[in-house]
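Spelled out, the chains give:
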Amino acid sequence: MEQAAPDPERLLQPAPLEPLSHPDTGLESVVGEGAKGARDEGPGDGTMTESNFSLKKIEISVSEAEKRTGRNAMNMQETYTAYLIETRSVEHSDGQSVLTDSLWRRYSEFELLRNYLLVYYPHIVVPPLPEKRAEFVWHKLSADNMDPDFVERRRIGLENFLLRLASHPILCRDKIFYLFLTQEGNWKETVNETGFQLKADSRLKALNATFRVKNPDKRFIELKHYSDELQSVISHLLRVRARVADRLYGVYKVHGNYGRVFSEWSAIEKEMGDGLQSAGHHMDVYASSIDDILEDEEHYADQLKEYLFYAEALRAVCRKHELMQYDLEMAAQDLASKKQQCEELATGTVRTFSLKGMTTKLFGQETPEQREARIKMLEEQIKEGEQQLKSKNLEGREFVKNAWADIERFKEQKNHDLKEALISYAVMQISMCKKGIQVWTNAKECFSKM
């Protein structure tokens, strides 16, 4: 079959897509071979530095959280939490780690760093920040963002965020990230000087591209659907876990009634008193153990929440691709329109209804000199448009290649992390059940000695 001429509106599309045999099997069914061989490069505007944390062996930790009071931009008093970031070099001659930098950051500064990274690295699945306010909480867990337990979990989450960036092959070499760890004063000014806010895509523009793009990449559509499903599944899992935590807490605390009843009973018994008193003690221990158990569970819940927020990071990559595809299609459409206008001027025929055609009928034909000038101007615009279209096409292909490379990296990370988290959670549940069995075994022995 004869091959059709290439459609300029589809120039951003990668190589022909193979049909997906199992479209609902998760991210593995979405990521293609295009993920191989992407360049480990940044935005190319001086934001890269040789300070590669993975190679330099710098340890990063968020070691402390501190409640503070200050004035905001509106000169109003506010209470906030500051976090102490420490970086240590392990390249000392005696092999010992040496503290190199220590500074305090607010959560809003972490947000500013991530927003910058989203703009300058649109092809990367940028790690998410921990939640600003508690979500999916059970009734005994405080939703106050100043609650000490919540602040501690967020401290751990912020440390994990920095470690994610430091271990990323591209993000770890960003200059702004390096200064975030080492320059406490004027860091915000340095970020704002990059002008990243002006380069950020507006939500309205992204929404417009989503609905108006004519030739979306099938793989990015599948990726967007996967991210939606991943978010839905993890949300349901966290809701179920919160309901289970509520009921489990009640069941354990009710066991404290056994302890009280056995203790009261022991007071009226002579021969059985000691056994009942001991059994009551075991019941009290069992009832109080649920607080530590559910506190440990929150750690695993936070690991799931990280990937709940990663779903939005995946969608951000998809939205950027849609914008690039839409810009390419608009450039191709504009180029085709100018070529048609040039052809109509050269031949003197108007094939489609246009304002220019109506103007000609009303006010007469242009002079040959005017027509030649317009043709020359259109030819220059066509030449410029062809160069722009070629540039957008190359930029789009590079984006697709780099994006799939990072998605492949993310897929491996996700599979490993979620597998470890679920296994650890199951082990914790098994341990909890064994402790319950041990409590009742001890109670049985107490009853046997009566």
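Keep in mind that this is a model prediction, so the values were computed, not measured.

Rules used in this analysis
- Here the residue numbering is sequential within each chain, running from 1 through the sequence in written order.
- Per-residue local features of the predicted model are confined to residues with pLDDT of at least 70, and side-chain atom pairs are confined, for both listing and counting, to 80 or more; whole-chain, interface and lining totals are unaffected and use all residues.
- For side-chain calculations, the full set of non-hydrogen atoms in the structure is used, while hydrogens and water are omitted.
- Segments assigned H or I by DSSP are reported as helices when at least four residues long, segments assigned E as strands when at least two residues long, and all are numbered from the N terminus.
- Relative accessibility under 20% of the residue-type maximum defines a buried residue, over 50% an exposed one, and the middle range a partly exposed one, all with a 1.4 Å probe and only protein chains included.
- Contact definition: two residues touch when any of their heavy atoms are within 4.5 Å.
- Here the accessible surface of atoms and residues is derived via Shrake-Rupley with a 1.4 Å probe, and residues count as covered only by protein chains that are part of the display.
- Using protein atoms alone on a 1 Å grid, points that fit a 1.4 Å probe yet trap it form a cavity, whereas open point sets bounded by protein on both sides within 12 Å along at least five of seven lines form a pocket; residues with an atom within 4 Å of a point count as lining.
- Grid points are joined across faces, edges and corners, and a volume is the space filled by probe spheres set on the points.
- By definition, a salt bridge exists where a carboxyl oxygen of Asp or Glu is found within 4 Å of a side-chain nitrogen of Lys or Arg.
- Distance thresholds for patches are 9 Å for like charges and 5 Å for nonpolar side chains (Val, Leu, Ile, Met, Phe, Trp, Tyr), applied to residues having over 30% relative accessible area and no salt bridge.
- Positive charges come from Lys and Arg alone, negative charges from Asp and Glu alone, with His and the N- and C-terminal ends not counted.
- The location of each charge is read from NZ of Lys, CZ of Arg, CG of Asp or CD of Glu.
- The axes are straight lines fitted to the C-alpha atoms, using for helices just the contacting stretch, and the angles between their N-to-C directions are given from 0 to 180°.
- The cut-offs work like this: below 35 degrees is roughly parallel, past 145 is roughly antiparallel, 65 to 115 is roughly perpendicular, and the gaps in between are oblique.
- Should the near helix be turned counterclockwise from the far one by less than a right angle, the crossing is left-handed, whereas a clockwise turn marks it as right-handed.
- Working definition: a ring pair exists when centres of Phe, Tyr or Trp rings (six-membered ring for Trp) sit within 6.5 Å. Plane angles under 30 degrees give stacked, over 60 give edge-to-face, the rest tilted.
- The nonpolar core is taken to be a set of buried Ala, Val, Leu, Ile, Met, Phe, Trp, Tyr and Cys residues, with the residues joined through side-chain atoms within 4.5 Å.

Chemist: Explain the overall build of the protein to me, please; I cannot follow it from the model alone.
Modeler: Tallying secondary structure elements over the protein gives twelve helices and three strands in all. Looking at the protein residue by residue over its 450 residues, the buried ones come to 40%. Of the contacts made within the protein by residues no fewer than 6 positions apart, 77% connect residues no fewer than 24 positions apart. Accessible surface, the protein: about 25800 Å² in total, of which carbon and sulfur atoms supply 53%.

Chemist: It is not clear to me how empty space enclosed by the protein should be interpreted in this structure. Could you clarify?
Modeler: If a probe the size of a water molecule is rolled over the atoms, the empty space left behind becomes visible. Counting across every chain of the model gives one cavity of 30 Å³ or more. Empty space within the largest cavity amounts to approximately 40 Å³. In this structure, the largest cavity is lined by Pro216, Asp217, Phe220, Ile221, Lys224, Cys318, His321 and Glu322. Looking at the lining of the largest cavity, the elements that each hand over two or more residues are helix H8 (218-266) and helix H10 (290-347).

Chemist: Is there a simple way to think about the pattern of salt bridges in this case?
Modeler: Where charged atoms from two side chains of opposite charge come close, those side chains can pair. With the rule as written, the count across this model stands at 24 salt bridges. Residue Asp417 is joined to Arg164 by a salt bridge in which the shortest nitrogen-to-oxygen separation is 2.7 Å. Of this pair, Asp417 sits in helix H12 (residues 368-448) while Arg164 sits in helix H3 (residues 148-167), placing them 253 residues apart in sequence. Between Glu312 and Arg319 there is a salt bridge, with the nearest N and O atoms lying 2.8 Å from each other. By relative accessible area, Arg319 is classed as partly exposed at 28%. Via salt bridges that share partners, Asp228, Glu312, Arg315 and Arg319 belong to a single interconnected network.

Chemist: Just to check I follow, could you spell out the environment of Cys446 for this structure?
Modeler: Within the secondary structure layout, Cys446 lies in helix H12. Residue classification places Cys446 among the buried residues on the basis of a relative accessible area of 11%. Separated by 164 residues in sequence, Cys446 and His282 have C-alpha atoms that sit 9.6 Å apart.

Chemist: So what exactly am I meant to see when it comes to a negative patch on the surface here?
Modeler: Where like charges cluster on the molecular surface, the negative patch consists of Asp149, Asp292, Glu295 and Asp296. The dominant element in the negative patch, judged by the number of residues it contributes, is H10, at three residues.

Chemist: How should the packing of H3 against H10 be read in this particular structure?
Modeler: Close contact between H3 and H10 brings their axes to 11 Å; oriented N to C, the two are set at 50°. The angle between H3 and H10 places the two elements in the oblique class. In this structure, H3 crosses over H10, and the sense of that crossing is right-handed. Together, Arg153, Asn160 and Arg164 of H3 and Glu298, Asp302, Glu306, Tyr307 and Tyr310 of H10 make up the contact between the two elements.

Chemist: Would you take a moment to explain unusual backbone geometry for this structure?
Modeler: Peptide bonds are trans in most cases, and residues, glycine excluded, mostly fall at negative phi. For Asn186, which is not glycine, the phi torsion reads 65° and is therefore positive. Assignment of secondary structure puts Asn186 in the loop between helix H4 (175-182) and helix H5 (187-193).

Chemist: I'm lost on the packing of aromatic side chains in this one. Help?
Modeler: The description of two aromatic rings rests on the distance between their centres and on the angle between their planes. Scanning the entire structure with this criterion turns up 15 aromatic pairs. Ring geometry for Tyr258 against Trp440: centres 5.7 Å apart, planes inclined by 85°, an arrangement best described as edge-to-face. Within this pair, whereas Tyr258 is found in helix H8, its partner Trp440 is found in helix H12, the two being separated by 182 residues in sequence. A relative accessible area of 39% places Tyr258 in the partly exposed class. Between the aromatic rings of Tyr300 and Tyr425, the centroid separation amounts to 6.2 Å while the plane-to-plane angle is 70°, which identifies the pairing as edge-to-face. Placement of Tyr300 in helix H10 and of Tyr425 in helix H12 is noted, with a sequence separation of 125 residues between them.

Chemist: Is there a simple way to explain the nonpolar core in this structure?
Modeler: Soluble globular proteins: nonpolar side chains tend toward being buried together. Judged by nonpolar contacts, the single largest core of 32 residues is most densely connected at Ile85, Leu113 and Leu162. In terms of residues, this core owes the most to one element, helix H2 (residues 107-120), which gives seven residues. Setting aside residues up to four positions removed in sequence, Ile85 forms contacts with Ile60, Ser61, Val62, Asp101, Ser102, Leu103, Arg105, Phe110, Leu162, Phe180 and Leu181.

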